[in-house]
Amino acid sequence: MSGRVEGKVAFITGAARGQGRSHAVRLAQEGADIIAIDLNEAIPGTGSPGATDEDLEETVAAVQAQGRRILASRADVRDFAAIRAAVDVGVAELGRLDIVSANAGIASLPHLTHELAEETWQTMIDINLTGVWHTAKATIPHLIAGGRGGALVLTSSAAGLKAYANIAHYVSAKHGVVGLMKTLAVELAPHLIRVNSLHPTQVNTPMIQNPATYELFTGDPNATREDFAPVSQATNALPVPWVEPEDVSNALLWLASDEARYVTGVALPIDAGTVLK
């Protein structure tokens, strides 16, 4: 089957690399045009390098290689005015909006909950929860105005469904995304706008493939990707250390397509069974 989102337009946050780029390319392969944003800066305390302007340019090229249109710009999901401007310009240029992927997010270095700095807590909530709300707030008026229904897909995490020690701020934000998703699903159902959330386990992107994550999981400051893999695999039920971005993108595509036209309010794990452990 091809053309599953033919003629539709998708707005994707955090699109410069990783899952966001994969989502943009996968939707483009199936016929969608793309509005893409990313901050393209490093966020202190996350343990992973920030995306760059060059990364976003690579996403643009990858989408164009599929024969689809893309409008890409720098914007911070913490800045509602910037998000709204990017959406408004994109819809004016591409003519419609059908799919929203609230994908942008950050990870964190470990902290005991009572030792979290105020700034560390607030930055996490501002990006991983408020940023998702900003994305919904900026896009919902366009989805409603289109009168064709639509799909909002919010990226949470396995940490939105279970607890993990030493990242209370991340777990709290990702659980919050689930509450937001369910509320939006109820509010937007009369408009045939469906709202669901994605809950990946470890995904093979720069967010986990970095020295800080290797040390976090192994306790070894000199640990490598090869050292990290078996420890990561032990967190999953299926015998894999992580899933690929394309695995998450395929779930997003399904939720955005007419194949899932009656699916709303669902928290969908793409987690190799990690929430079972």
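Rules and cut-offs
Residues numbered from 1 in each chain as written. Predicted model: local features only at pLDDT ≥ 70, side-chain atom pairs only at ≥ 80, totals over all residues. Heavy atoms only, no water. UniProt positions renumbered as here; feature names shortened; annotations may be inferred. Salt bridge = Lys/Arg side-chain N within 4 Å of Asp/Glu carboxyl O. Buried < 20%, exposed > 50% of the residue type's maximum accessible area, 1.4 Å probe, protein only. Helix = DSSP H or I, 4+ residues; strand = E, 2+ residues; numbered from the N terminus. Expected span 1.5 Å × (residues − 1). Phe/Tyr/Trp six-rings, centres within 6.5 Å; stacked < 30°, edge-to-face > 60°. Core = buried A, V, L, I, M, F, W, Y, C linked by side-chain atoms within 4.5 Å.

The name that an unreviewed UniProt entry assigns to the protein is (-)-trans-carveol dehydrogenase, with the source organism given as Frankia canadensis. In its Sequence similarities (unreviewed entry) section, the UniProt entry covering the protein states "Belongs to the short-chain dehydrogenases/reductases (SDR) family."

This part takes up the pattern of salt bridges. Enumeration over the complete set of coordinates arrives at twelve salt bridges. A salt bridge links R26 to E30; the nearest nitrogen and oxygen atoms lie 3.2 Å apart. Here R26 and E30 have matching classes, each one buried. In this structure, D33 engages R69 in a salt bridge whose closest nitrogen and oxygen atoms are separated by 2.8 Å.

Helix length check: helix α4 (residues 118-146), at 29 residues, gives a terminal C-alpha distance of 41 Å against a target of 42 Å (1.5 Å per residue), a fit within 8%. Among the residues trailing α4, G147 stands out with phi positive, at a value near 70°.

With that out of the way, let us pick up the packing of aromatic side chains. Taken as a whole and assessed by the stated rule, the structure comprises three aromatic pairs. When the ring of F217 is compared with that of F228, the centres are 5.2 Å apart and the planes differ by 70°; the resulting orientation is edge-to-face. Here F217 is found in helix α6 (residues 211-218), whereas its partner F228 is found in helix α7 (residues 225-233), with eleven residues between them in sequence. A relative accessible area of 29% places F217 in the partly exposed class. For F228, a relative accessible area of 0% puts it in the buried group. Here the aromatic rings of F228 and W242 are separated by 5.6 Å at their centres, their planes lie at 25°, and the arrangement is stacked. In this pair, F228 is assigned in helix α7 and W242 in the loop between α7 and α8 (245-256), connecting sequence segments 14 residues apart. Residues F228 and W242 agree in their burial class; the two are buried. Aromatic ring contacts, followed pair by pair, group Y214, F217, F228 and W242 into a single cluster.

Let us look at the nonpolar core. In terms of nonpolar packing, the biggest core is built from 43 residues, with F11, I83, L97, L154 and V195 touching the most fellow members. Broken down by secondary-structure element, the contributors of at least two residues to this core are β1 (9-13), β2 (33-38), α3 (80-94), β4 (99-102), α4, β5 (150-155), α5 (168-188) and β6 (193-200). The greatest single-element share of this core, amounting to ten residues, is contributed by α5. Core analysis: the second largest hydrophobic core is formed by 28 residues, I12, A24, A32 and L255 among them.

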